[in-house]
Amino acid sequence: MTAFASETGRAEQTAWVLEMRGVNAKGLDIRLRLPERLMPQEQAIRAKIAKAFSRGNIGVTLRLEDDATASPVQLDEHVLESYILAAIRVRTMAKNKGLKLSEASAPDYLGIRGVMRSDTDNGPLPEAEIMQSLDTAIAGFSAMRASEGAALDGVLRQQLAQIADLTAEAAQLADARRDQVATNLKANLTRIMDNVDGADPDRVAQELALLAVKADVSEEIDRLTAHVAAARALLDADGPVGRKLDFLMQEFNREANTLCSKSGSPELTRVGLDLKALIDQMREQVQNVE
């Protein structure tokens, strides 16, 4: 489910900006972009997010900013020298291979992590305050998802009502064609019995049973009705239900496919196709459910 949250904070000589972004995903995929100084807290941050959410592609970006009153940045000559020597070796190797590399400028080197630093780089990091900002961001992120989920709940319930109506229509059509099905079955039975001389009795019985099964869609209609009730129960339940709904959509689709294949009439086929189209729409929406 899509959502966004942002928090800023300041403690001691450090300010920070924390952002959370989320998009749809079948499972939970957490992606963190943290400054080096906060890497020891990576697992703790992942655990907080995993405890709050069970589904979605969630990205967290944290940027640290030194206070303007802190010590000015300084050039770390030892780090810079190591990069320059490495660049010289790379250039020599490229020349030996007949390759020509462009010259690196001073800003290229100054932009490398660790070349420029301030006295606060090794100072104490306000981890407790930063983690508190994360908790606030998670709460805001969750509230945004909940708001979207409330709107989505109405959409899903409306779609379920339409599926229930189409299922009821299919039941009526199936009942209306009962006499015709019986007539067709008797005709098929007569045709088979007129040609059973020398046939395997077991094979004949199987063919007759298969004709009867192909003409009966009551089981598919009963299962569709049960699936509607199960989906409504999931929407009424507390906690994450997205994966269960996703599985239920597969079952809906299976019954609609079977209904179409066994319809035996244009009207029932139309209802089956309408069901398939509606189930596909609902399945896309279910991907947004936590």
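Conventions we followed
Residues numbered from 1 in each chain as written. Predicted model: local features only at pLDDT ≥ 70, side-chain atom pairs only at ≥ 80, totals over all residues. Heavy atoms only, no water. Pairing = 2+ DSSP bridges. Helix = DSSP H or I, 4+ residues; strand = E, 2+ residues; numbered from the N terminus. Core = buried A, V, L, I, M, F, W, Y, C linked by side-chain atoms within 4.5 Å. Buried < 20%, exposed > 50% of the residue type's maximum accessible area, 1.4 Å probe, protein only. Contact = heavy atoms within 4.5 Å. Axes fitted to C-alpha atoms, helices over the stretch in contact; angles between N-to-C directions. Parallel < 35°, antiparallel > 145°, perpendicular 65-115°, else oblique. Left-handed = near helix turned anticlockwise from the far one by under 90°. Nonpolar A, V, L, I, M, F, W, Y, C, P; charged D, E, K, R; others polar. pLDDT = per-residue confidence, 0-100. Salt bridge = Lys/Arg side-chain N within 4 Å of Asp/Glu carboxyl O. Patch = residues over 30% accessible without salt bridge, like charges linked within 9 Å, V, L, I, M, F, W, Y side chains within 5 Å. Areas by Shrake-Rupley, 256 points an atom, 1.4 Å probe, with all protein chains shown as cover. Expected span 1.5 Å × (residues − 1). Arc of directions from axis to C-beta.

**Side note on the pairing of strand S1 (residues 3-11)**
Where S1 lies against strand S2 (residues 14-23), 9 bridges are found, and the strand directions are antiparallel. Its bridge partner being in S2, Glu7 is matched across the sheet by Leu18. If you look at the hairpin formed by S1 and S2, you'll find 2 residues sitting between the two strands, and Glu12 has a positive phi there, around 55°.

**Points about the nonpolar core**
Counting residues in each nonpolar core, the largest one holds 29 residues, and the members touching the most others are Leu156, Ile163, Leu245, Phe252, Leu275 and Met282. If we ignore the near neighbours within four places in the chain, the residues touching Leu245 are Ala231, Leu234, Leu235, Val286 and Val289.

**Some points on the packing of helix H4 (residues 127-176) against helix H7 (residues 218-236)**
With their axes 10 Å apart at the nearest point, H4 and H7 run at an angle of 165° to one another. Relative to H7, the element H4 lies roughly antiparallel. The crossing of H4 and H7 is left-handed. Every residue of H7 that contacts H4 at Asp153, Leu156, Arg157, Leu160, Ala161, Ile163, Ala164, Thr167, Ala170, Ala171 and Ala174 is listed here: Ile221, Leu224, Thr225, Val228, Ala231, Arg232, Leu235 and Asp236. A breakdown of the residues in the contact of H4 with H7 according to their chemical character gives 13 nonpolar, 2 polar and 4 charged.

**A short note on the confidence of the model for the protein**
Of all residues in the protein, 81% have pLDDT values of 70 or greater, and the mean over the chain is 82. Helix H6 (residues 201-215) is the least confidently modelled element of the protein, averaging 52 in pLDDT, while helix H1 (residues 42-52) averages 93, the highest of any element.

**So, the pattern of salt bridges**
A complete count under the given rule lists 15 salt bridges for this structure. With a shortest N-O distance of 3.1 Å, Asp29 and Arg31 are connected by a salt bridge. With a relative accessible area of 28%, Asp29 lands in the partly exposed category. The partner of Lys262 in a salt bridge is Glu220, with the nearest N and O atoms 3.3 Å apart. Placement of the pair is Lys262 in helix H8 (residues 242-262) and Glu220 in helix H7, with a sequence separation of 42 residues. When sorted by exposure, Lys262 lands in the same class as Glu220, which is buried. Linked through salt bridges whose partners overlap, the residues forming this network are Glu219, Glu220, Arg223, Glu255 and Lys262.

**Considering a nonpolar patch on the surface**
A surface patch of nonpolar side chains, amounting to about 240 Å² of accessible area, comprises Leu75, Leu110 and Met116. On the basis of relative accessibility, which here comes to 40%, the residue Leu75 falls in the partly exposed class.

**A short note on helix H9 (residues 266-286)**
Helix length check: H9, at 21 residues, gives a terminal C-alpha distance of 30 Å against a target of 30 Å (1.5 Å per residue), a fit within 8%. Within H9, burial applies to Leu268, Val271, Gly272, Leu275, Leu278, Ile279, Met282 and Val286. Viewed along the axis of H9, the buried residues span an arc of 135°, placing them on a single side of the element. Residues of H9 that are exposed and point over 90 degrees away from its buried face: Pro266 and Glu284. Next to the buried residues of H9 lie H4, H7 and H8.

**As for the environment of Asp236**
Structurally, the position occupied by Asp236 is in helix H7. The exposure class of Asp236 is exposed, given its relative accessible area of 55%. Spatially, the C-alpha atom of Asp236 lies 9.5 Å from that of Asp153, the residues being 83 residues apart in sequence.

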